[in-house]
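# Architecture at a glance
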Amino acid sequence: MTQPDDADLAHILRTTRTIALVGWSPNADRPSHHVARFLAARGYRVIPVNPGQAGQAALGGTVRASLADISEPVDMVDIFRRSDAVLPVVQQALAALPGLKTVWMQLGVENAEAAALAEARGLKVVQNRCPAIEIPRLGL
């Protein structure tokens, strides 16, 4: 399990169109809210996922309770959860989102078992990084 290099990161971020953001918060002070707005402003379709906020309007769509509630194609799952809570998220993503290409774990989030599971299914895995930092850093 290796972290993607800059070329891989740039490819992931250029080819991704739809992102399910797990752990989205309606609180503008929370990093998940800021990152979701940043990604949406950059042209990504962001589907917020938060069971406590399900049904609310956000980012031009509706907050979903879980990944299983998403019926449209998703390219990347961006995970804002504690590292020890990532494995069930990845398991649900693999079961519910055919065509998923990338599992992205936010800053401070790493889970070797979840990463190995996703990689074994052919997905790209990014751990302990933030797309809102990587996009400007890579000049995308």
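Here is what the cut-offs are and how they apply
Residues numbered from 1 in each chain as written. Predicted model: local features only at pLDDT ≥ 70, side-chain atom pairs only at ≥ 80, totals over all residues. Heavy atoms only, no water. Buried < 20%, exposed > 50% of the residue type's maximum accessible area, 1.4 Å probe, protein only. Helix = DSSP H or I, 4+ residues; strand = E, 2+ residues; numbered from the N terminus. Arc of directions from axis to C-beta. Polar contact = N/O pair within 3.5 Å; in protein donor to acceptor, adjacent residues only side chain to side chain. Salt bridge = Lys/Arg side-chain N within 4 Å of Asp/Glu carboxyl O.

## Observations regarding helix H1 (residues 6–15)
- Every buried residue of H1 is listed here: Leu9, Ala10, Ile12 and Leu13. Burial along H1 is one-sided: seen end-on, the buried residues are contained in an arc of 160°. Pointing more than 90 degrees away from the buried face of H1 are the exposed residues Ala7 and Arg14.
- The distance from a side-chain oxygen at the start of H1 to the backbone nitrogen of Ala7 is 3.2 Å, and the residue carrying that oxygen is Asp5.

## Focus: the pattern of salt bridges
- This model, assessed by the stated rule, comprises seven salt bridges.
- Asp75 is the partner of Lys101 in a salt bridge, and the nearest nitrogen-oxygen pair spans 2.9 Å. Taken together, the residues span a long stretch of sequence, with Lys101 in the loop between helix H3 (86–96) and strand E6 (102–105) and Asp75 in the loop between strand E4 (61–62) and strand E5 (76–79) at a distance of 26 residues.
- Taking relative accessible area as the criterion, Asp75 reaches 11% and is therefore assigned buried.
- Glu134 serves as the salt-bridge partner of Arg129, at 3.4 Å between the closest nitrogen and oxygen.
- For Glu134, a relative accessible area of 7% translates into the label buried.

Honestly, that's just the spatial picture; any functional story needs more than this.
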